[in-house]
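What follows is each chain in one-letter form.
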Amino acid sequence: MASTSTYRYNTVAYTTAKSNKKKIVLKVGLFDQKSQSKALKIAVGILGVESARFIGNDKSRMEIVGDGIDAAEVANLLRKKIGVAEIVSVSSVEMIREEKKPPGPSYNFGVPQFVKNAVSNFFKS
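Residues numbered from 1 in each chain as written. Predicted model: local features only at pLDDT ≥ 70, side-chain atom pairs only at ≥ 80, totals over all residues. Heavy atoms only, no water.

Quick notes on the sheet that holds strand β4 (residues 49–55)
Pairing between the strands of a sheet comes from backbone hydrogen bonds, and it takes one of two forms, parallel or antiparallel. The strand order across the open sheet built from four strands is β4-β5-β3-β6, with neighbouring strands paired in antiparallel fashion. Strand pairing shows two members of the sheet lacking a second neighbour, β4 and β6 (85–92), which therefore form its edges. Pairwise comparison of adjacent strand axes, ignoring direction, gives a mean angle of 20° for this sheet. With seven bridges joining them, strand β3 (residues 21–28) and strand β5 (residues 61–67) adopt antiparallel strand pairing. Paired with Lys 23 across the strands is Val 65, a residue of β5. Contacts from helix α1 (residues 33–44) reach β4 and β5, with the element oriented near 155° to β4. Contacts between helix α2 (residues 71–81) and the sheet are confined to β3, β5 and β6, with β6 contributing the most and set at about 155° to the helix. (Pairing = 2+ DSSP bridges. Helix = DSSP H or I, 4+ residues; strand = E, 2+ residues; numbered from the N terminus. Axes fitted to C-alpha atoms, helices over the stretch in contact; angles between N-to-C directions. Contact = heavy atoms within 4.5 Å.)

Following this line, the structure appears as structure tokens:
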């Protein structure tokens, strides 16, 4: 469960929750395109799921990333609707913040005039 903090300000309660982002990998026994799309619809329909995709060479593993999702609940839902679903791994995902580098110096001077004149004088003679 995500830990929450409640603050009271002027008789209005504000609740902040810490991120509890998880990556769940499930092994599913799906053979045709119809059952794969059905499994993706089920996974994405769960509250808190951000992305779902099939991974692996044979597309037999399903990776689900979301905030505050329960791996057992996802596996049970897929078992009821699809048939076979086994939990392979559950790991927490940490947010990776990219540092923005300041842009390097830019030189927007254009073509110098002396080169332009030198080329035109070369072709005149």
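So, the packing of α1 against α2
Two quantities define a packed helix pair, namely the angle between the helix axes and the distance between the axes. In the contact formed by α1 and α2, the axes pass within 10 Å of each other and the chain directions differ by 145°. Judged by the twist between their axes, the crossing of α1 over α2 is right-handed. On α2, the residues touching Lys 38, Ala 39 and Ile 42 of α1 are Leu 77, Leu 78 and Lys 81. Among the residues making up the contact of α1 with α2, the classes are represented as four nonpolar, no polar and two charged. (Left-handed = near helix turned anticlockwise from the far one by under 90°. Nonpolar A, V, L, I, M, F, W, Y, C, P; charged D, E, K, R; others polar.)

Observations concerning the pattern of salt bridges
Counted by the stated rule, this structure contains three salt bridges. Note that Lys 21 and Glu 50 form a salt bridge whose closest N and O atoms lie 3.0 Å from each other. Of this pair, Lys 21 sits in strand β3 while Glu 50 sits in strand β4, and the two are 29 residues apart along the sequence. We classify Lys 21 as buried; its relative accessible area is 14%. Given the relative accessible area of 51%, Glu 50 is considered exposed. Residues Glu 63 and Lys 23 are paired through a salt bridge, measuring 3.7 Å at the closest nitrogen-oxygen approach. Here Glu 63, found in strand β5, pairs with Lys 23, found in strand β3; they are 40 residues apart in sequence, far enough to count as distant. One connected set of salt bridges, linked through shared partners, spans Lys 23, Arg 53 and Glu 63. (Salt bridge = Lys/Arg side-chain N within 4 Å of Asp/Glu carboxyl O. Buried < 20%, exposed > 50% of the residue type's maximum accessible area, 1.4 Å probe, protein only.)

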